[in-house]
Amino acid sequence: TYRADIIVDLAEAKVLKARGAFDPKLEFGYDRKEFNDTNYFSLLNSGLNIPLWFGSDLKFRFDRNNGIYLNNSDFVPEQGLLGPGIELVLGQGLLTDERRATLQKAKLMRQNSEFERSIALNELIYKASMAYYYFQEASQVEELLNESVQLAETRLEITKAAYFNGYNPAIDTLEAQINLQNREQRLIDARQTRINSRLNLGNFMWFNGELPVETAEFIKPEILDIENWQFTIDSLSSVESEVLAQHPKALSFDNKQDQLNVDMKLNREMLKPDLTLGYSPLVDFDNQVDNGSLFMDNYKLGASFSYPIFTRKERAEVKMTDLKIADLAFERTGTLQQLRLKAEILRNSISLLKEQYAQIQNIRKDSKSLLDAENLKFSIGESSVFLVNSREQKYIEAREKEIITQQKILKAISEYLYTLNMMHLL
């Protein structure tokens, strides 16, 4: 979850960076030259620039210069010259500009980061659940094979005793010995699988999201019942279309569409001529304040205009953005269709696996009945070690298949929830 939270934090930082384009900027410059007790020049230039949301800027300047070798343009009143003013954007940049577009996209990216975080957490829970299922399956199989080894050991002792008492031939002891060795080999493989799955589960065990926690050897998984999620699956199936419509991937596509719309608005704005007007009254503290003509006599006025004749670059940007929007719409439709089909496939798989699981349970019960009958016949001398081992092996295989099928159902349920981004329901 720590890494998922970083996605949101990074988006917040990008919003903060975009807001920085609207930060007021303070400027100050001082330059002085003095030589042989002569003040050549002393230049003090300061200013404050305040960006406005609608593309224009408020500007405040204060200059105070003196010296005997000043340039003509640097002459100002003795008390300094104040120049508050505004730079008006009337053409390109009036409706939107780079800094407004960047901030709007950063806000959309922050919203999209929540969708990405949801997808990341969904995937994390899915991987953790799959690791747990493998550990649960491996533990159950190991326990089953360990039980089968104990049965084989007991049968070997009984067969040996029967041989020494003259009831069974020597070949029965060899049969029982081979059967025990085969089961011990399988148990070793199952134990290794269980150890590996336990260690793999440790990849998802963290303390406060910072320190990995190793899973202890004695840990045993809780056996999960597939019936616990049947109501959840049925409930989701009835509203599957609505769930997919609110899927973070669908919302993320919509968010990216909004970001491209911001780009399109900016690109269309670039098709306008660049027209800027600037006005700044000049305040002479020596004269104007006293005679009441504060903003009337002295001022700076400027204008600029530019426009590319063919606008090929601007029109190309509009065209490329339009193509990106069309491609994104196609990708969105394809992605949602894939999710819809995958969800349907998984629902069908869950239903068929449950039917198969019910059949396997019946096979396991029947195999157990045959094994119990064969053990009874063996106890009265009407059966052989070979037949008992054969019946027992069939029962073990049926029980193992039951375990594996149960895990298949759990994995299919998790994959279905993962497809709908609903792993948090587990």
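Residues numbered from 1 in each chain as written. Predicted model: local features only at pLDDT ≥ 70, side-chain atom pairs only at ≥ 80, totals over all residues. Heavy atoms only, no water.

### Section: helix H4 (residues 230-238)
Every buried residue of H4 is accounted for by Gln230, Thr232, Ile233 and Leu236. The buried side chains of H4 occupy one side of the element, clustering within an arc of 160° when seen end-on. Facing away from the buried side of H4, by more than 90 degrees, are the exposed residues Phe231 and Ser238. (Buried < 20%, exposed > 50% of the residue type's maximum accessible area, 1.4 Å probe, protein only. Helix = DSSP H or I, 4+ residues; strand = E, 2+ residues; numbered from the N terminus. Arc of directions from axis to C-beta.)

### Here's the deal with the nonpolar core
Membership of the largest hydrophobic core comes to 27 residues, with the highest contact counts inside it found for Leu236, Ile413, Tyr416, Leu417 and Leu420. At 7 residues, helix H8 (residues 312-379) tops the list of elements feeding residues into this core. Beyond its immediate chain neighbours, meaning those up to four positions away, tyrosine 416 contacts Ile233, Leu236, Ser237, Glu240, Ala343, Leu346, Arg347 and Ile350. Val149, Leu156, Leu180 and Val388 belong to the second-largest nonpolar core, a separate cluster that totals 17 residues. (Core = buried A, V, L, I, M, F, W, Y, C linked by side-chain atoms within 4.5 Å. Contact = heavy atoms within 4.5 Å.)

### A few points about the pairing of strand S9 (residues 299-306)
The buried fraction of S9 amounts to 0 of the 8 residues, a small share that puts the element mostly on the outside. For strand S7 (residues 274-281) and S9, the ladder comprises 8 bridges, and the chain directions are antiparallel. Pairing of tyrosine 279 across the sheet is with leucine 301, part of S9. (Pairing = 2+ DSSP bridges.)

### Some remarks on the side chain of asparagine 122
Assignment of secondary structure puts asparagine 122 in helix H2 (residues 98-164). One polar contact links asparagine 122 to asparagine 421, side chain to side chain, over a distance of 3.4 Å. (Polar contact = N/O pair within 3.5 Å; in protein donor to acceptor, adjacent residues only side chain to side chain.)

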